[in-house]
Amino acid sequence: MTPRLVLRRCVSCRQLIDRDQLWRVVRLAGGGGIQLDRGQGRSAYVCADANCLEDARRRKRLQRALRAQVADSILESLESRLNGTASASSEAR
Ligand SMILES: [Zn+2]
């Protein structure tokens, strides 16, 4: 009966959004580095949206939220999700 809606705040636009609609960036506990989507550790969230992603990159919002360096490759892989192909449909194939 409990609604499974979990709200998280986007680091760029500061809106509270359903976690399923956000990208999660995780700083792994124990110094394991930065990872997308899953893992135990401190998390930051950003909308699956070009403006929010660009803002996060330019203003280093993920770095601040996680208090860690975020490699360009992390941001690039999020960008490729935006540009490429809906990731959901590629997974369904
Ligand atoms: Zn946002």
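Residues numbered from 1 in each chain as written. Predicted model: local features only at pLDDT ≥ 70, side-chain atom pairs only at ≥ 80, totals over all residues.

(A) Expanded view of the overall build of the chain. When its secondary structure is counted, the chain shows 4 helices and 5 strands. Going from N to C terminus, the chain has its helices and strands arranged as β-β-β-β-β-α-α-α-α. The dimensions of the chain, computed from C-alpha atoms along their principal axes, are 35 × 35 × 25 Å. Per-residue burial for the chain yields a buried fraction of 20% across its 93 residues. A fraction of 46% describes how many contacts in the chain between residues 6 or more apart in sequence connect residues 24 or more apart. (Helix = DSSP H or I, 4+ residues; strand = E, 2+ residues; numbered from the N terminus. Buried ≥ 20, exposed ≤ 12 C-beta atoms within 10 Å, placed from the backbone. Contact = placed C-beta atoms within 7 Å.)

(B) Fine view of the packing of helix α1 (residues 50-58) against helix α3 (residues 72-83). The contact between α1 and α3 brings their axes to 11 Å, and the two run at 165 degrees. One way to sum up the angle between α1 and α3 is to call them roughly antiparallel. Here α1 and α3 pass one another in a crossing that is left-handed. Residue-level inspection shows Ala50, Leu53 and Arg57 of α1 in contact with α3, the latter providing Leu75, Leu78, Glu79 and Leu82. For the contact of α1 with α3, the class distribution of residues is 5 nonpolar, no polar and 2 charged. (Axes fitted to C-alpha atoms, helices over the stretch in contact; angles between N-to-C directions. Parallel < 35°, antiparallel > 145°, perpendicular 65-115°, else oblique. Left-handed = near helix turned anticlockwise from the far one by under 90°. Nonpolar A, V, L, I, M, F, W, Y, C, P; charged D, E, K, R; others polar.)

(C) Expanded view of the nonpolar core. Grouped together as the largest cluster of nonpolar side chains are 15 residues, with contacts concentrated most on Val11, Tyr45, Val46 and Leu62. Elements with a minimum of two residues in this core: β3 (22-28), β5 (41-47) and α1. Once residues lying within four places of it in the same chain are set aside, the contact partners of tyrosine 45 are Arg8, Arg9, Cys10, Val11, Leu22, Trp23 and Arg24. (Core = buried A, V, L, I, M, F, W, Y, C linked by C-beta atoms within 7 Å.)

(D) Examining the pairing of β3 more closely. Here β3 pairs with β5 via 7 bridges, running antiparallel. Paired with arginine 27 across the two strands is arginine 42, which belongs to β5. Where β3 and strand β4 (residues 34-36) come together, 3 bridges link them in antiparallel fashion. Opposite valine 25, over in β4, you have leucine 36 as the bridge partner. Turn length for the β3-β4 hairpin, with the two strands adjacent in sequence and antiparallel, is 5 residues, and the turn residue glycine 30 shows positive phi of about 80 degrees. (Pairing = 2+ DSSP bridges.)

(E) Representation of unusual backbone geometry in the model. A positive phi angle, near 65 degrees, is found at arginine 14, a position not held by glycine. In this structure, arginine 14 sits in the loop between β1 (7-9) and β2 (16-18). Taking the C-beta count within 10 Å as the criterion, arginine 14 has 9 such neighbours and is therefore assigned exposed.

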